[in-house]
Amino acid sequence: HLRAGSSRGDVRGCTVQLPGTDEHGLKIQQAAEAAAEDPLEFCSRVSKEFRTLFQQSLVSYTDYIRTTEERHKNAVQHFWCVLRDEGYLYEGTYEGWYSVPDETFLSDSQVVERKDAYGNLIKVSMESGHKVEWTKEENYMFRLSEFRPMLLDWLKKNPFAICPEKFHHLVVHWLQEEIPDLSVSRQRNRLKWGIPVPEDSTQTIYVWLDALVNYLTVAGYPEDHNPWCSGVHHIVGKDILKFHAIYWPAFLMAAGLQLPKQIYVHSHWTVNGQKMSKSLGNVIDPMERFSVYTADGFRYFLLRQGVPETDCDYYDDKVLKVLNAELADALGGLLNRCTGTRMNPDQVYSPFSTHCFPKRPYMGHSSRATIEDYKMIQLVEQLPLDVEHCFEKFQIYKALEAINFCIRLTNGFFQRHAPWKLDRKNAEDCCWLDTVLHVTLECLRVYGILLQPVIPALANKLLSRLAVGPQERGWRHLNFLAKYHNSICPFEGRKLGPDSGLLFNRLERTDKRQSKAQGRC
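The rules behind these values
Residues numbered from 1 in each chain as written. Predicted model: local features only at pLDDT ≥ 70, side-chain atom pairs only at ≥ 80, totals over all residues. Heavy atoms only, no water. Helix = DSSP H or I, 4+ residues; strand = E, 2+ residues; numbered from the N terminus. Contact = heavy atoms within 4.5 Å. Areas by Shrake-Rupley, 256 points an atom, 1.4 Å probe, with all protein chains shown as cover. Lys, Arg positive; Asp, Glu negative; His and termini not counted. Charge placed at Lys NZ, Arg CZ, Asp CG, Glu CD. Expected span 1.5 Å × (residues − 1). Buried < 20%, exposed > 50% of the residue type's maximum accessible area, 1.4 Å probe, protein only. Pairing = 2+ DSSP bridges. pLDDT = per-residue confidence, 0-100.

Trainee: Just to check I follow, could you spell out the overall build of the chain for this structure?
Mentor: The secondary structure content of the chain amounts to 17 helices and 18 strands. The dimensions of the chain, computed from C-alpha atoms along their principal axes, are 90 × 50 × 40 Å. A fraction of 72% describes how many contacts in the chain between residues 6 or more apart in sequence connect residues 24 or more apart. Looking at the chain as shown, the accessible area adds up to about 24,900 Å², and 52% of this sits on carbon and sulfur atoms. Of the side chains in the chain, 62 bear a positive and 64 a negative charge, and the two mean positions are spaced by 7 Å.

Trainee: I keep staring at helix 15 (residues 427–450) and nothing clicks. Help me out?
Mentor: Given 3.6 residues per turn, any residue in an α-helix points the same way as the ones three and four places further on. The end-to-end C-alpha separation of helix 15 is 35 Å, in line with the 34 Å expected for 24 residues at 1.5 Å each. The element helix 15 is extensively covered by neighbouring structure, given that 20 of its 24 residues are classed as buried.

Trainee: Explain the sheet that holds strand 8 (residues 133–142) to me, please; I cannot follow it from the model alone.
Mentor: Two pairing modes exist for strands in a sheet, parallel and antiparallel, and in both the strands are linked by backbone hydrogen bonds. Judged by pairing direction, the sheet is antiparallel, and its four strands sit side by side in the order 5-4-8-10 without closing on themselves. Taken across any chain shown, the strands that pair with only one partner, and hence form the sheet edges, are strand 5 (104–106) and strand 10 (182–183). Summarising the sheet, strand 4 (residues 89–99) and strand 5 pair through three bridges and their orientation is antiparallel. By the bridge assignment, S99 is partnered in strand 5 with T104.

Trainee: Just checking my understanding: could you explain unusual backbone geometry for this structure?
Mentor: Peptide bonds are trans in most cases, and residues, glycine excluded, mostly fall at negative phi. A cis amide bond, omega -5°, links C163 with the succeeding residue P164. Following the sequence through the fold, P164 ends up in the loop between strand 9 (162–163) and helix 5 (165–174). For the bond running from Y221 to P222, omega is 5°, close enough to zero to count as cis. In this fold, P222 is placed in the loop between helix 7 (214–218) and helix 8 (226–229). Of note in this structure, A418 is not a glycine but carries a positive phi near 35°. Although it is not a glycine, A467 adopts a positive phi angle of roughly 65°. Its place among the elements puts A467 in the loop between helix 16 (456–465) and helix 17 (512–517).

Trainee: It is not clear to me how the confidence of the model for the chain should be interpreted in this structure. Could you clarify?
Mentor: One rule of thumb: low pLDDT means the predicted coordinates there are not for detailed reading. Across the chain, pLDDT averages 89, with 93% of residues at or above 70. This model gives residues 1–14 a pLDDT under 50, and the stretch forms 54 contacts once residues within four places in sequence are excluded. Note that residues 512–521 has pLDDT below 50 and, in this model, 23 contacts with residues that lie over four places away or in other chains.

This is the structure in structure tokens:
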């Protein structure tokens, strides 16, 4: 089970990101047995695969937590003792349904009867479709039911605690009904692969209590966990919303710790309208797709098309269409046109003329700038704030739509003024040509900076071609069209960086049958 959470500050670079692997539980124990491996060796191998995936997909992080680490075991056992000493744990009997793949307890209302592959009637989870089993055990119970009023009050006072809004409403809906106390341990003769309950060798701590404490572990709990108090944002899949929006806040309340500032919830990718499943053979392997679309290309597609509120269906034709249109043609084509030797023979960041492009259009002036040009300038100036707003709301797809809209406008600007038709030997033409190039280069510089979190390698390639140094790529360096605002532009006249070829190569379909067989968005 891969779980990623995030404690982040300023969207422009002060981010603390925590991915990791939850490595305990009956599911892992059974998987290791099926692979004829020692559980720790099995987990180490799988965890290494995820680390490799992060590296290949250009995902950076400030810490990586494995729940089998000693630091985490100490944090979990300390947390358990706090809950016990505060009186929120008691010995009791749990009897009900349990889903091993989901590692979750289910009520009768959450279970339905279906036929398996052999026609036998079985009980499955309504949400995940996984088979459930009836369990009766003597365990430790957490007084979850006591926290229902406090959880509702928290959500009422913090309407943006869970985003998007539909998931906030969903959690409130869950809490309208009574919630039972939660079994937070399993008998050790049944579940050996987990953290033992302190002072009780017959019990193993419930995997989700174990897993959720990882956020505290990385913050230095129990010795020093001040970072936890500075405002934590979780990013979770909708399938684990209950654990993060009900169990986890209740645990924190019981321990006297601050609740997360926000929980961002994302939906899933499906294939042909179905959840990805090994048994269905429809799992999309990101590593394989990187070899076709590049890591940046695949990242761009997922973030461009993925909508947090709803599931999105994946198919390869859609990937080709989006990447060719937006990365290869619109962005890459624009860069090639204004940096090519035919259009820019001196290979410099062309100068800007306020005579050709005054700050305010007025009648009778010799400016060739049009009303459409001024509208474009205004939108590109506003773009960083729009993108920041979208990033803050975890609406990356909207940020990319805004960027792509401005890229299209810039292409229209370039096409409208057709600098290739201008005569460099004519002073006025030459001045206007340089100004058109400067405006276009400035737009590209802004797009490159804004796109760094999404397509880091391509953004680096673009900015390097524009001779924008590594220390000039932060949010505070945007300063769009400084000369237009009567300031000094540090890039003007600077020699462009080396030409490293096309920004993004156009993609061709390699398997028509596979493309047709995929789902539709």
